[in-house]
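Tertiary structure, described
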Amino acid sequence: MGEGRPRRWKLPFHRSAPSSPSSKPSSPPEPEPHSPARSAAAAVEEEAVPAEFVCPILGTLMADPVILPSGQTYERACLQACAELAFLPPGMGSVSDAMIPNAALRAAIGTWCGRSGRAVPALPSAEAAREAVLRAMPPDAAKSVRTRRAALASSSNSSYSSPASAASTSSYTSSSEIIPADEEVGVKPVKEATNKEVVREQVETAVDPLEDVVVAKVMDAEEEEEVVLAVAGLREATRESAERRRALCTPRLLAALRRVLLIQRHASARVDATAALVNLTLEPANKVRIVRAGAVPPLVEVLRSSTSPPEAREHAAGALFGLALNEDNRAAIGVLGAVPPLLDLLTSPAHPAPARRDAGMALYHLSLAAVNQSKIARFPGAPKALLAVASSTAERTPIRRLALMVVCNVGACSEGRAALMDAGAVAAVTAILSHDDRNAELDEWCVAAMYAMSRGSLRFRGLARAAGADRALRRVAEECAPGVVRRDMARKTLRAMRNEADVEADLTGSSLECGDGDDCAGSIVSDGLMSFRRRQRELGSSSCGNTAEF
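Residue positions within a chain follow its written sequence, with the count starting from 1. Totals for whole chains, interfaces and linings use every residue, but because this is a predicted model, local features are given only for residues with pLDDT of at least 70 and side-chain atom pairs only at 80 or more, for both listing and counting. Computation of side-chain values covers all heavy atoms of the structure but excludes hydrogens and water.

A word on the overall build of the chain
For the chain, the count of helices and strands is 29 helices and 3 strands. When contacts within the chain are restricted to residue pairs at least 6 apart in sequence, those whose partners lie at least 24 apart make up 71%. When the accessible surface of the chain is split by element, carbon and sulfur atoms take 53% of a total near 26,200 Å². A run of H or I in DSSP becomes a helix once it reaches four residues, and a run of E becomes a strand once it reaches two; helices and strands are each numbered from the N terminus. Contacts were defined at the residue level, with two residues in contact if any of their heavy atoms lie within 4.5 Å. Here, Shrake-Rupley sampling with a 1.4 Å probe gives the accessible areas, and only protein chains in the shown set may cover a residue.

Structural notes on the pattern of salt bridges
The term salt bridge refers to a side-chain nitrogen of Lys or Arg lying within 4 Å of a carboxyl oxygen of Asp or Glu. Tallied over the full model, the rule gives 18 salt bridges. With its nearest N and O atoms 3.5 Å apart, the salt bridge here joins E415 to R378. Note that E415 is positioned in helix α22 (residues 414–422) and R378 in helix α19 (residues 370–378), a separation of 37 residues in sequence. Under the scheme applied here, a residue whose accessible area is under 20% of the maximum for its type counts as buried, over 50% as exposed, and between as partly exposed, the area being computed with a 1.4 Å probe on protein chains only. Judged by its relative accessible area of 32%, E415 is partly exposed. Relative accessible area serves as the criterion here: at 52%, R378 is assigned to the exposed category. A single network of salt bridges, built from pairs that share partners, joins E243, R245, R246 and E283.

Brief notes about the sheet that holds strand β2 (residues 73–75)
A strand pair is defined by DSSP finding two or more bridges across the two strands. Strand order in this open sheet of 3 strands is β2-β1-β3, and the pairing throughout is antiparallel. This sheet does not close on itself; its edge strands, each paired only once, are β2 and β3 (100–101). For strand β1 (residues 65–67) and β2, the ladder comprises 3 bridges, and the chain directions are antiparallel. Its bridge partner lying in β2, V66 is registered against Y74. Sheet contacts for helix α2 (residues 76–85): β1, β2 and β3; angle to β2, the most-contacted strand, approximately 85°. A fitted line through C-alpha atoms serves as each axis, taken over the contacting stretch for helices, and the angle formed by two N-to-C directions is quoted from 0 to 180°.

Remarks on helix α9 (residues 224–237)
Residue count minus one, scaled by 1.5 Å, sets the expected span of a helix. In this model, α9 (14 residues) spans 20 Å end to end at C-alpha, consistent with the 20 Å of a helix rising 1.5 Å per residue. When α9 is considered as a whole, its buried residues turn out to be V227, A230, V231, G233, L234, R235 and A237.

Describing the environment of V410
By the secondary structure assignment, V410 is in helix α21 (residues 397–410). According to the relative accessible area criterion, V410 is buried, its value standing at 2%. Every residue in contact with V410, bar those within four places of it in the chain, is listed here: Q373, I376, A377, G416, R417 and L420.

A short note on the packing of aromatic side chains
The description of two aromatic rings rests on the distance between their centres and on the angle between their planes. Stacked, edge-to-face and tilted labels apply to pairs of Phe, Tyr and Trp rings (six-membered ring for Trp) whose centres lie within 6.5 Å, assigned for plane angles under 30 degrees, over 60, and everything in between, in that order. This model, assessed by the stated rule, comprises 1 aromatic pair. Measuring from ring centre to ring centre gives 6.1 Å for F53 and W112, while their planes differ by 70°; the resulting arrangement is edge-to-face. With F53 in the loop between α1 (36–47) and β1 and W112 in helix α3 (residues 103–116), the pair connects residues that are 59 residues apart, well separated along the chain. Its relative accessible area of 8% is what places F53 among the buried residues.

Considerations on the UniProt feature "repeat: ARM" (unreviewed entry) in the chain
UniProt positions are given in the numbering used here, feature names are shortened, and annotations may be inferred rather than shown by experiment. Those places that UniProt annotates as "repeat: ARM" (unreviewed entry) correspond, in this numbering, to residues 294–333 and 337–381. For residues 294–333, the end-to-end C-alpha separation is 10 Å, with 70% helix and 0% strand making up the annotated structure.

Some points on helix α27 (residues 485–498)
Helix length check: α27 (14 residues) gives 20 Å between terminal C-alpha atoms against 20 Å at 1.5 Å per residue, within 8%. The element α27 is largely enclosed, with a buried count of 10 among its 14 residues. Every buried residue of α27 is listed here: R487, M489, A490, R491, K492, T493, L494, R495, A496 and M497.

Remarks on the nonpolar core
Ranked by internal contacts, the top residues of the largest apolar core, which has 102 residues, are L277, L320, L342, I376 and L473. Dropping the residues within four chain positions of it, L320 is found in contact with V296, L299, L303, I333, A338, L342 and A362. We call a set of buried residues a nonpolar core when its members are Ala, Val, Leu, Ile, Met, Phe, Trp, Tyr or Cys and they connect through side-chain atoms within 4.5 Å of each other. Counting residues in each nonpolar core, the second largest holds 27 residues, with M62, C82, I109 and A142 among its members.

Here we look at the packing of helix α23 (residues 425–433) against helix α25 (residues 459–467)
If you want to describe how two helices pack, look at the angle between their axes and the distance between the axes. Where α23 meets α25, the closest approach of the two axes is 9 Å, and the angle between their N-to-C directions is 40°. With respect to α25, the element α23 is oriented oblique. The way α23 lies across α25 gives a crossing that is right-handed. The residues of α25 that touch α23, namely those facing V426, A427 and T430, are F460, L463, A464 and A467. Three residue categories are used. Nonpolar comprises Ala, Val, Leu, Ile, Met, Phe, Trp, Tyr, Cys and Pro, charged comprises Asp, Glu, Lys and Arg, and polar comprises the others, including Gly. Here the residues of the contact of α23 with α25 are counted per class, giving 6 nonpolar, 1 polar and no charged. Should an angle fall under 35 degrees it is called roughly parallel, over 145 degrees roughly antiparallel, and 65 to 115 degrees roughly perpendicular, with every other angle called oblique. By definition, any crossing whose near helix is turned counterclockwise from its far helix by less than a right angle is left-handed, and any crossing with a clockwise turn is right-handed.

A word on the side chain of D272
Examined against the element boundaries, D272 turns out to sit in helix α12 (residues 267–280). Setting aside anything within four residues of it in sequence, one finds D272 in contact with V228, V231, A232 and R235.

Below, the structure is given as structure tokens:
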């Protein structure tokens with residue numbers, strides 16, 4: 001069955017029937033202009049609330065009106081309650097629809113309140129919004145939701161149940177998998193529904209019980225032990241299955257995890273919360289949802305804080321790595337400040353190797369975005385620190401390789417090439433490539449870094465000749481078999497060093513003559529680079545593939 005959306009429902013608008021002409025009372029005589037009766041009638045007219053100022057769900061003046069893409073306006077708290085209860089008001093296509101603040105209507109309501117002598121409406125509580133939504137639901141659906149909430153409240157007040165037992169006694173299928181979006185609740189009488197439809201309706205209104213337990217414990221618990229147990233149970237639940245990870249990735253639960261990450265006194269809870277986020281990022285459908293829920297700033301704070309446990313830092317780097325695998329997240333993660341702490345984690349030998357590895361993989365994927373390439377190039381000392389890690393023989397090969405991978409991506413932009421050459425990248429990479437104890441894995445990334453820096457840069461020629469890069473590149477070109485990507489990159493980098501005309505041809509996209517029977521048609525930018533980029537992505541996704549559960 002294809003994935004559907006939460007069911008739509010109709011709001012029960014009640015209108016009073018008009019009186020019959022025969023029963024219409026005779027109108028009273030018109031009061032005098034300044035009589036008490038005239039003043040009372042005017043007051044009643046002034047107190048009449050314009051219909052457009054009233055929320056169709058709550059039935060009161062809107063304090064925070066938001067407009068949907070369909071053009072209809074509701075109280076924000078009511079739409080949030082609709083999303084929580086998995087029901088859609090008219091005009092809302094899905095629970096992920098953008099809610100745009102209706103500033104003009106809010107100002108109009110404030111002006112009207114001041115003119116009529118009314119107090120400006122206060123924001124409704126979440127409970128009041130939920131009750132209003134429940135009143136607007138069909139009676140059978142509202143009764144089912146109330147019963148489930150009462151059962152969850154009693155279970156959370158008594159004792160904490162393990163995730164395994166909760167999973168065995170309840171259904172946590174997502175509410176978006178049941179009924180097509182064009183069906184509306186209440187169209188068919190309940191007594192005419194088949195047993196299958198009744199089961200589908202019960203499954204649709206059900207959510208994972210652990211969500212309410214964790215949210216209640218994190219938001220309201222006074223004892224630290226209760227928070228620790230709740231988050232530990234969530235960590236175990238996210239290891240069970242892909243279906244449960246998708247079901248648990250909700251705005252309410254992610255908000256609870258953000259709170260745990262920002263409260264520094266919960267050290268063990270922070271470890272479990274970051275591990276739970278790593279597990280949630282294993283599902284591709286969760287990656288964008290987690291970033292949009294605001295989970296990146298707390299993860300960055302865990303990396304920056306000196307009081308964070310080492311395990312929490314490792315999991316935070318792993319979570320950012322998992323989120324950065326999605327191309328749509330990379331620019332946002334960089335803007336939210338993840339690049340500096342990840343750089344510090346990768347380039348500092350004091351941190352554990354697993355944490356540095358995850359930080360390097362996160363940086364590599366983030367640096368595939370042009371905006372983050374410039375951030376790394378401009379960050380003080382970043383190019384020198386990356387080159388120091390790549391050049392250090394005391395470092396493990398995987399860490400050196402990750403530093404070179406980031407250097408290659410930074411060299412893809414003109415600002416990055418200039419920053420790398422200012423930091424002595426040509427000489428450093430040439431030294432790695434010329435080392436007696438040559439490493440084929442490092443050689444490939446060294447050639448890629450030289451190839452990236454040679455693109456469109458006349459300055460590269462002089463630096464490469466001074467460092468003796470031609471000998472190292474010639475050795476790679478001679479030892480590698482035809483068709484190997486680094487052999488082609490080495491040959492083209494050598495041609496860029498020999499003849500300025502080659503560089504000018506690269507800038508204009510002209511073809512290059514390779515000689516020796518090689519088919520190397522194409523510019524230095526296009527030929528070979530795309531296949532190498534594809535291999536980069538495959539290696540980056542598979543070497544530390546973000547598949548382990550914590």
